[in-house]
Amino acid sequence: MSEEKKSIYELLEADITNSDLSEAEKAAKLSRLIQVRSKQVNIMLVGATGSGKSSTVNAMFNMNVAKVGVGVGPETSCISKFVLDNLTIWDTPGLGDGVERDKVITRDIINKLNELGEDGNPIIDLVVVIMDSSSKDLGTSYDLINNVLIPCLGKEAHKRIIIGLNQADIAMKGNHWNKAENKPDDVLNAFLKKKAASVRARIKEGTGLDLEPICYCAGYSEEGEAQSKPYNLTKLLHSIIQIIPREKRLVLVDNLNTNKENWKHDDEEEDYGEDTEYVVIDTVFDFIEGGSEFGGKVLGIPGKLVGGVAGAIAGTVAGIFKSIFG
Ligand SMILES: Nc1nc2c(ncn2[C@@H]2O[C@H](COP(=O)(O)OP(=O)(O)O)[C@@H](O)[C@H]2O)c(=O)[nH]1
Ligand SMILES: [Mg+2]
């Protein structure tokens, strides 16, 4: 990535400054932009060791947490912290290496989830639970979701948990993965759907909460082997961007992995890339324009209706996503 790549904030600032709005209107929009720019996003990762937490973050963001190992978390907690601009990832150790150790980890997770920021809101915006879809034993994850995470997040839990079923490629021993097209064949697809349904049912039984897990593949690279690319990573991002508080979405946009290959392989139930872009344009309109007057699918509206600064902003966001998704 080139050094002079501008952030979404800088690009939007230029759109506003170069528009033909009055000075007063420009000042109002720029001040809203500054507010949005100061937002912080905090994502907590939980899941068994080896479920693919580090791989998922590396695939999704311009961040390399795998190589860092233990990271730079506060010494009073076993949770590691990785910071990229306004995005902070809190990586928790996997459970299952001993009763005493599990107690310490669980306590640290609960403390972190209960921690409030200066604004009085919880620090953690979102918990991403990563499960290994090739594993038969997901009991530890269910316990953590049903007995720790959901009770801790309370009424907001459905707005603050995403469940990813990773390693779709090696479920069913990898026998049904279409390597050439980097996607599951029909048999594996049916298996994954069933797996997701069973995870969903297990959580619903335990907590009453209806969460739809996303089957994906973070991809991996192993020495001497061809590198495998992510599958449904755009789908996962699409859910994250929808669930994250609106005013924080731009933080994610600015830190996405710019390797286009990572975003190319998704199931075709929806155009997740296009919809992610619409969600972001809509958000930008809300916070900078001061009202989402065109609704979501602004690009579908004839150009002249989306003229002026709104058109410029929509064009800027579209350009950013083109450089990420291709
Ligand atoms: N085949 C396959 N391997 C994966 C996938 N995600 C992660 N891995 C591999 O699983 C191992 C553990 O991944 P890692 O991200 O370190 O897991 P963590 O302990 O949860 O952070 C690594 O060797 C990864 O390359 C995936 O989607 N498919
Ligand atoms: Mg890790």
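Residues numbered from 1 in each chain as written. Chains lettered and ligands numbered in written order. Predicted model: local features only at pLDDT ≥ 70, side-chain atom pairs only at ≥ 80, totals over all residues. Heavy atoms only, no water.

Considering the confidence of the model for the protein
In step 1: Residues of the protein with pLDDT of at least 70 account for 88%, and the chain-wide mean is 88.
In step 2: Scored below 50 in pLDDT, residues 67–74 shows eleven contacts in the model against residues more than four places distant or in partner chains.
In step 3: pLDDT under 50 marks residues 292–305. Its contacts with residues more than four places away, or in other chains, come to 23 contacts. (pLDDT = per-residue confidence, 0-100. Contact = heavy atoms within 4.5 Å.)

Focus: the site of ligand 1
In step 1: Around ligand 1, the structure places 16 residues, and the nearest of them are G50, K53, S54, S55 and D169.
In step 2: The separation between an oxygen atom of ligand 1 and a polar side-chain atom of N166 is 3.1 Å.
In step 3: Here G219 contributes a backbone N or O atom positioned 3.4 Å from an oxygen atom of ligand 1.
In step 4: When isolated, ligand 1 has an accessible area of 580 Å², and the protein chains bury 76% of it.
In step 5: Per-class residue counts for the shell around ligand 1 are five nonpolar, nine polar and two charged. (Near = heavy atom within 4 Å. Polar contact = N/O pair within 3.5 Å; in protein donor to acceptor, adjacent residues only side chain to side chain. Areas by Shrake-Rupley, 256 points an atom, 1.4 Å probe, with all protein chains shown as cover. Nonpolar A, V, L, I, M, F, W, Y, C, P; charged D, E, K, R; others polar.)

Thoughts on helix α4 (residues 99–114)
In step 1: Helix length check: α4, at 16 residues, gives a terminal C-alpha distance of 22 Å against a target of 22 Å (1.5 Å per residue), a fit within 8%.
In step 2: All of the buried residues along α4 are D102, I105, T106, D108, I109, K112 and L113. On an axial view of α4, the arc spanned by its buried residues comes to 160°, and they lie on one face. Opposite the buried face of α4, by more than 90 degrees, sit the exposed residues V99, E100 and K103. (Helix = DSSP H or I, 4+ residues; strand = E, 2+ residues; numbered from the N terminus. Expected span 1.5 Å × (residues − 1). Buried < 20%, exposed > 50% of the residue type's maximum accessible area, 1.4 Å probe, protein only. Arc of directions from axis to C-beta.)

Description of the packing of helix α1 (residues 8–17) against helix α2 (residues 23–37)
In step 1: Close contact between α1 and α2 brings their axes to 10 Å; oriented N to C, the two are set at 175°. On the basis of the axis angle, α1 is roughly antiparallel to α2. Side by side, α1 and α2 meet where Y9, E10, L12, E13, I16 and T17 of the first sit next to K26, K29, L30, L33, V36 and R37 of the second. (Axes fitted to C-alpha atoms, helices over the stretch in contact; angles between N-to-C directions. Parallel < 35°, antiparallel > 145°, perpendicular 65-115°, else oblique.)

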